[in-house]
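# Fold and contact review
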Amino acid sequence: MLFSMPVAALRWHIVLLPQRLIFQLRRLLSHLLALPFHLAHRTLVWRFCQCTDLWIATIYLAAKEREKAQKLAQQKKAAEASSRLSSGASTSKKGGSAKKSGSAAPVRSMDTRALDLSALNLNPQDAAPVVDELPPKMTIAREKILEEAAKALEGKGQKKTVSLVVIGHVDAGKSTLMGRLMYELGKMDERKRIANERASGKIGKSSFSWAWEFDGTTEERERGITMDVATQTMMTPNKQITILDAPGHKDFIPNMISGASQADCALLVVDSAVGEFEAGFQRGGQTREHLVLVRSLGVAQVVVAVNKLDQVNWNQTRYEEICNLLKPFLVQTGFQPMKTSFVPVGAMTGINLVKRDQEEAAPLEAWYNGPTLVDQLDRLEPPSRDLTAPVRFPISNVYKSQSSGTAVTGRVCSGVLQVGEKLRILPGDETAIIKSIQTEAESLQWAAAGSNVTLYLTAIDPVHLNIGSVLCPINDIIPLATTFTARVIIFDIQVPITAGASVSP
Ligand SMILES: Nc1nc2c(ncn2[C@@H]2O[C@H](COP(=O)(O)OP(=O)(O)OP(=O)(O)O)[C@@H](O)[C@H]2O)c(=O)[nH]1
């Protein structure tokens, strides 16, 4: 080992080093000889690159131009197609699950999204006034509509219509009750029930499967709460009832108010479980708050559904206790005792909604032989409607659908309106023409005071339509006022409000 090192070093210096030097010298010589060829070659390559670059750039630009032209043509075609579609009034019958303020079309609700037109799916093209094909003409004489509307109001030849807002503390079982009622009345078929049961089970929310008929949005289903008002129609023996299922959670009170403002009557749902009823009825609970709100909005009739009685073994004493706590509060809030009624129910099992012949209903049958929920709802009377007054249609929601154009929902508060009628939008100077009138179930030629309808409008830029605006006849608008009297309801204030105090909205 000691001898091998110097021998290896000696070999490196004497044998390998000269060899490497010779190799490097030969490389240098060959480079020098090849230099002229290299220069000539490089010039050629550069010249070729210049040509090809230009050529490629020309092709690229031409392709871009073609693409741009194609895009423009496509956009033009799409715009033509959409205006053709939006001009055709939707006359198809709608059925199935509840029409949610936010279902297929992005309906606006009164919460934080209220006037956010950016969420209306409008693009710059849509924002242009939609004056598509010629708007429809008014074809029915006003006298004829008034005659028909008066007959309908008296219930002659058809059922009287009533709109009903479903209110109550969060999780009282409002949507479950309404979903189950739809099933019991045959409006929800077995296939739909099974689909809802499976899908809700998949996301671990099987106890909400009945509520899915009304809680239609993904967020509502995932969170297990109602967030916006959902609408459906049901038939009782003598009435056609428009149901407005309102949210119970206090975060969505503005949406609940929007539903209540379109209703004639209310169905209050309370949870009879011990502690749960008390939570809703105490100060700050929504049982109290909702009752005060609906009464202040003019609702005078209320049916109270005492729900989840299965959780207290259908205990009669508990039912009576709840009724006795609510009765004085209802009177204090302004409901006349003869316009209030109570009914014990089990929404989940469908007990005492339409019938109570189920096996599980035996404990209730032992002490109750009164009316079912449907019997009570059938007794509701629509308030008087002002048919001859000028049309007043306050807008509850505005939305825009790809297929049918701009639409507004709400209730005809007074008067009658028909397809083809030109209406003024207040506040403002704009007008719109009614292209079609829809309810959840059908397409109409006219609608009268008390009807909850969707109006598809034409000849109007949707930016002029806002929640709270009112549609009126062009020659009979709401008179301007400089002063008004307001009744303000304040819940749970921290500091008393005194005259002259400044308040922020
Ligand atoms: N045991 C029992 N549970 C019920 C009954 N009705 C409803 N529930 C349950 O109560 C919970 C709330 O029901 P929902 O129908 O979502 O209540 P809600 O009042 O519509 O809720 P919000 O609209 O979000 O205020 C669900 O888990 C239901 O399964 C009933 O009769 N008995």
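Look up: the structure comes first, before these words.
Description of the structure in this document. Sequence order as written defines residue numbering, which begins from 1 separately in each chain. pLDDT decides what is reported in this predicted model: residues at 70 or higher carry local features, side-chain atom pairs at 80 or more are listed and counted, and totals for whole chains, interfaces and linings draw on all residues regardless. The basis for every side-chain value is the complete set of non-hydrogen atoms in the structure, without hydrogens or water.

## Observations regarding the pairing of strand 9 (residues 405–411)
Exposure categories follow from relative accessible area, calculated using a 1.4 Å probe and restricted to protein chains: below 20% of the type maximum is buried, above 50% is exposed, and the middle band is partly exposed. Numbering goes from the N terminus for both helices and strands, where a helix is a DSSP run of H or I of at least four residues and a strand is a run of E of at least two. Extensive coverage of strand 9 is indicated by the burial of seven of its seven residues. A pair of strands is treated as paired once DSSP finds two or more bridges between them. Relative to strand 9, strand 8 (residues 393–401) is paired through six bridges, and the arrangement is antiparallel. In the sheet register, Asn397 faces strand 9, and the bridge partner there is Thr409. Bridge analysis of strand 9 against strand 15 (residues 452–458) gives six bridges, and the strand direction is antiparallel. Looking across to strand 15, one finds that Val408 is bridged to Leu455.

## Things to note about the site of the ligand
Here a residue counts as near a molecule or strand whenever at least one of its heavy atoms sits within 4 Å of it. Taken together, 21 residues lie near the ligand, and Lys174, Ser175, Thr176, Ser207 and Thr226 sit nearest. Between the ligand and Asp310, the relevant distance is 2.9 Å, taken from a nitrogen atom to a side-chain nitrogen or oxygen of the residue. For the purposes of these results, a polar contact is taken to be a pair of N or O atoms within 3.5 Å, where, inside protein, one atom must be able to donate a hydrogen and its partner to accept one; residues adjacent in sequence count only when each atom of the pair is a side-chain atom. Separating an oxygen atom of the ligand from a backbone N or O atom of Met348 is a distance of 3.2 Å. Notes on the ligand: free accessible area 660 Å², of which the protein chains cover 93%. The element that contributes the greatest number of residues to the shell around the ligand is helix 4 (residues 174–184), accounting for three residues. The residue makeup of the shell around the ligand, split by class, is seven nonpolar, 10 polar and four charged. Method for areas: the Shrake-Rupley scheme with a 1.4 Å probe, in which residue coverage is limited to the protein chains shown. Three classes are used, and their members are as follows: Ala, Val, Leu, Ile, Met, Phe, Trp, Tyr, Cys and Pro are nonpolar, Asp, Glu, Lys and Arg are charged, and the others, Gly among them, are polar.

## Things to note about unusual backbone geometry
Here Leu426 and Pro427 are connected by a cis peptide whose omega angle stands at 0 degrees. Within the chain, Ala459 stands out as a residue other than glycine whose phi angle is a positive 60 degrees.

## Observations regarding the pairing of strand 15
Along strand 15, seven of the seven residues are buried, which leaves the element largely enclosed by surrounding structure. Of the two faces of strand 15, both are covered, the one formed by Asn452, Thr454, Tyr456 and Thr458 as well as the one formed by Val453, Leu455 and Leu457. One ladder, built from five bridges, connects strand 12 (residues 431–438) with strand 15; its direction is antiparallel. Within strand 15, the position partnered with Ser436 by the bridge is Tyr456.

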